[in-house]
Amino acid sequence: MKTRTFLAFVGPSVFLMLLFIAAPLVSVFISSFQVTQPLVEQVTEEVCTPGFLTQTCTTETVTRPILDDDGNIVTQTEWVGFTSYDRVLEPARAWEAISSFDYSALMQIDFWAALRFTLMFTLVTLPLVIGVGLAIALAVNNAARSIRGPIIFVSLLPFIITPVIGALSIRWLFIGDGILVLALEAWLDRDLALFAQAWTIELMMLFYRVWHVAPFAFVIFYAGLQTVNQDTLESAIIDGANRWDRLRYVIVPHLMPLIIFISLIHLMDSYRVFDEIVGFTAQAHVISLQWLTFDFLQPDDAGNRAFSRAAASSMLTMVGIVILLIPLLRRTWRDHKGSSH
Amino acid sequence: MMLKRLALAGAFGLVASTAMADCAYEPPMEIRSLSAAFEAWNAVTGAWGECGNVNAELDQEFRTKQPSAFAANPSLYHIGGVANGTITPLLNEGTIRPLDDLVAEYGQNLSPNQLIRIDGQIMAVAMMVNTQHLMYRSDILEDLGIEVPTTWDEVLAAAEVIQEAGVVDYPLGGTMKSGWNLAQDFNNMFVGFGGTFVNPDSTPNVNSEAGVQTLEMMMRMTEYMDPEFLVSDSTYVQQQFQQGRIAMANLWASRAAAMNDAAESQVVGLVQTSAAPLAMEGGVPATTLWWDGIVIAANIPDEEAEAAFRLAMEGLDEAMVTANNDAAIWLVPGYQPTEMAEGAIATATASPPPPSYPSSSQMGLMHTALGNELPAFFTGDVSAEEALAAVEAAYTTAAQEAGLLE
């Protein structure tokens, strides 16, 4: 292809990517090294608030931002270097905890607790999603043609449900006297409180994510299974390969590029785990990196937001995703180079 | 939420055609309002709707939206529904206007108690008070021969008796969902023990004797609660009451009416209210006082502000209160307190009275720090002192970033 034609084709998408991906990223990167603060003054005010019958007036010293002539808050922006990263990571406290082998002290630092859960969540769901997806795909592929349609439809349902709604419905099944809790209590003959400790909530979140994403893997694998070379399969049968051998030596190698593709997508998605934390109100017990960023951004009743720490925390999340993807990207790159020769 | 808004819009449509005559004032331009979505706001915005030409938005996320919406020029809303906790960013950014002139001209029906004065200027008009106070199952207490508790020690003793009798799943309920709710429960108990949150120089002051006493008392309470208390918010506690699963809780006055809602509640007529219990002898009730009311945006033309204020007064009149007497503890003249309001009134008129929620930039940061750091204490990961030290550290970091501390 001529360079000119090539540029004309990719130009628009490169432009949009620069505008909507690169530019925001750069601005977040810059603001993670800056802190913007309002200039404040101490004011003594008399504040009168209602009781039921009469008012109580108190004189208080309050902090108010200084407003300029146009009524806007006067702010100052400073370059603070890695201060915000330091406040998020708390490296000194973390190192102290690590060097004294004090795991629970490390888990008291929000970032490290979030990183622990996020990594665990990502790495545990990955093989499960691929395994369950492949299993459904094989089952559907081997099912009689007449019932394939309904099976595909039912298996795809979890993927169609909006993530937050799915999380909420599972939460309602298991919270308090939810219907499944009552069933489990009757079966195990004991009182259960699934939202009272971290590990049960984590189990529910893992279950939910696999339930939700496995259909995606299934669809891709099912498409891949349609292209398996039948001659190779038949010759494998003639060579005496049983079902397991055929899966291991013929089908899985054939699906390998798809497995890598699904792994890439899944790593990127699940490292940003957020819906589950909100849906299961898990923040008392477990938080994720994305939730941490959200929490920094969430204004309190007085309107304060921690923009700078939020920027630092999202940059750290991005770095984490990149590190996780490196092995897979390297493999894809090798395969790509290998096939082009 | 959307559904509620639609239903409300539909209701407006219905009343707008028939009941326009009920309204003494019809605004010449469209007036927009943003408020919370609880029962009292339904009542007030419904009354505004009768005047036509009103676009009322009721949204529980109002506290997130309001500061930016009012900072726009022109402001996206004329009227804002606020509480004493959420007025701070509007005051800080100067996006609401002083109402002295408008009150003088159109506020004849307001009682002086309703006027929120900040440094001499009227910045808001309150319509109701709200507070967390004791609600209890009168039948259970009577059956077991328990006096209505007035201190938290008595509450715990009563809870022990109820636990042994085994008449409900859990003797106590608590709004202890991690985050805002848990922090607010801490605040209530903390003021009951005489604590102050922040020193005059903005440094934190919760890692104190009062702080430790507060956490110890709350931990003792949790022994009588549903073990899932860290996900339990006001609605959850309300439902626990309605389904007869708990016997006592320190719950918002605005939730009292729901106990007698026959459509939802299995305990109609069995729940009564009393003053928030004391944390210590001679102290204030372990709770904070809140008010809800209206503000008018600064970034709108004066004639629109005038129209908005006159409309607001239409909604805050005696007719609205008479029609919705039980929806809140109204400050509006014409309110007849019912039995369910006894607890809130006893709390607000206690001597010494509980403080108003001390809203400020510092308190906003402290509230967040408490909500984020205290759960570790209740899951048993850290001691009370460690948790409070973590709160102070989190507060200090946030205050430094916000420019309130060096």
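Residues numbered from 1 in each chain as written. Chains lettered and ligands numbered in written order. Predicted model: local features only at pLDDT ≥ 70, side-chain atom pairs only at ≥ 80, totals over all residues. Heavy atoms only, no water.

### Regarding the overall build of chain A
For clarity, the cut-off: Segments assigned H or I by DSSP are reported as helices when at least four residues long, segments assigned E as strands when at least two residues long, and all are numbered from the N terminus. Throughout, the radius of gyration refers to the C-alpha atoms, and the reference size of a globule is 2.2 Å times the residue count to the power 0.38. With a 1.4 Å probe rolled over the protein chains alone, any residue whose accessible area is under 20% of its type maximum counts as buried; one over 50% counts as exposed, and the rest are partly exposed.
When helices and strands are tallied, chain A shows 14 helices and four strands. Here chain A has a C-alpha radius of gyration of 27 Å; the compact-globule value for 341 residues is 20 Å, and the former is much larger. Principal axes of the C-alpha set define a box for chain A whose edges measure 90 × 70 × 45 Å. Counting every position in chain A, which comprises 341 residues, the buried fraction comes to 40%.

### Remarks on the domain arrangement of chain B
All names here are of chain B. Quick reminder of the rule: Where a domain begins and ends is set by an automatic assignment or by a domain database. By buried area we mean the combined loss of accessible area, with a 1.4 Å probe, across both parts when two parts are placed together. Here a salt bridge means any side-chain nitrogen of Lys or Arg lying within 4 Å of a carboxyl oxygen belonging to Asp or Glu. Identification of polar contacts relies on pairs of N or O atoms within 3.5 Å, with a donor-acceptor requirement for protein atoms, meaning one able to donate a hydrogen and the other able to accept it, and with residues adjacent in sequence counted only if both atoms are side-chain atoms. Under the scheme applied, nonpolar residues are Ala, Val, Leu, Ile, Met, Phe, Trp, Tyr, Cys and Pro; charged residues are Asp, Glu, Lys and Arg; polar residues are all the others, including Gly.
Taken domain by domain, chain B holds domain 1 (2-129 + 290-337) and domain 2 (131-288 + 342-348). At the boundary of domain 1 with domain 2, total buried surface from both sides reaches about 660 Å², with 72% on carbon and sulfur atoms. On the domain 1 side of the contact with domain 2, Arg 63, Trp 290 and Ile 329 bury the most area, a combined 65% of that side's loss. Summed over the shared surface of domain 1 and domain 2, the number is zero salt bridges. Viewed at the interface, domain 2 and domain 1 are joined by one residue pair in polar contact (both at pLDDT 80 or more). Residue composition of the side of domain 1 that touches domain 2, by class: three nonpolar, no polar and two charged.

### Some thoughts on the packing of helix 5 (residues 110-142) of chain A against helix 6 (residues 145-160) of chain A
Residue and element names in this part refer to chain A. Convention followed: Every axis in this analysis is a line fitted to C-alpha atoms, fitted for helices over the stretch in contact. Angles between the N-to-C directions lie between 0 and 180 degrees. Just so you know how the angles are binned, under 35 degrees is roughly parallel, over 145 roughly antiparallel, 65 to 115 roughly perpendicular, and the rest oblique. Each crossing is labelled by how the near helix is turned from the far one, with a counterclockwise turn of less than a right angle marking it left-handed and a clockwise turn marking it right-handed. Only heavy atoms matter for contacts: two residues are in contact if any of them lie within 4.5 Å across the pair.
Running from N to C, helix 5 and helix 6 cross one another at 165°; their axes reach a closest spacing of 9 Å. Judged by the inter-axis angle, helix 5 sits roughly antiparallel to helix 6. Between helix 5 and helix 6 the crossing geometry is right-handed. Contact residues: helix 5 offers Ile 136, Val 140 and Asn 141, while helix 6 offers Arg 148, Ile 151, Ile 152 and Ser 155. Residues that form the contact of helix 5 with helix 6 fall into these classes: four nonpolar, two polar and one charged.

### As for the interface of chain B and chain A
Note the cut-off: Two strands qualify as a pair provided DSSP detects at least 2 bridges between them.
Each partner contributes residues to the interface: chain B has 62 residues there, and chain A has 53 residues. Buried surface at the junction of chain B and chain A, summed over both partners, amounts to about 4500 Å²; 52% is from carbon and sulfur atoms. Inspection of the chain B/chain A interface yields two salt bridges. Residue Glu401(B) pairs with Arg309(A) through a salt bridge whose shortest N-O separation is 2.7 Å. Residue composition of the side of chain B that touches chain A, grouped by class: 28 nonpolar, 23 polar and 11 charged. Note that strand 2 (residues 40-50) of chain A and strand 4 (residues 115-118) of chain B share two bridges and pair antiparallel. Across the sheet, Val47(A) pairs through a bridge with Ile118(B), a residue of strand 4 of chain B.

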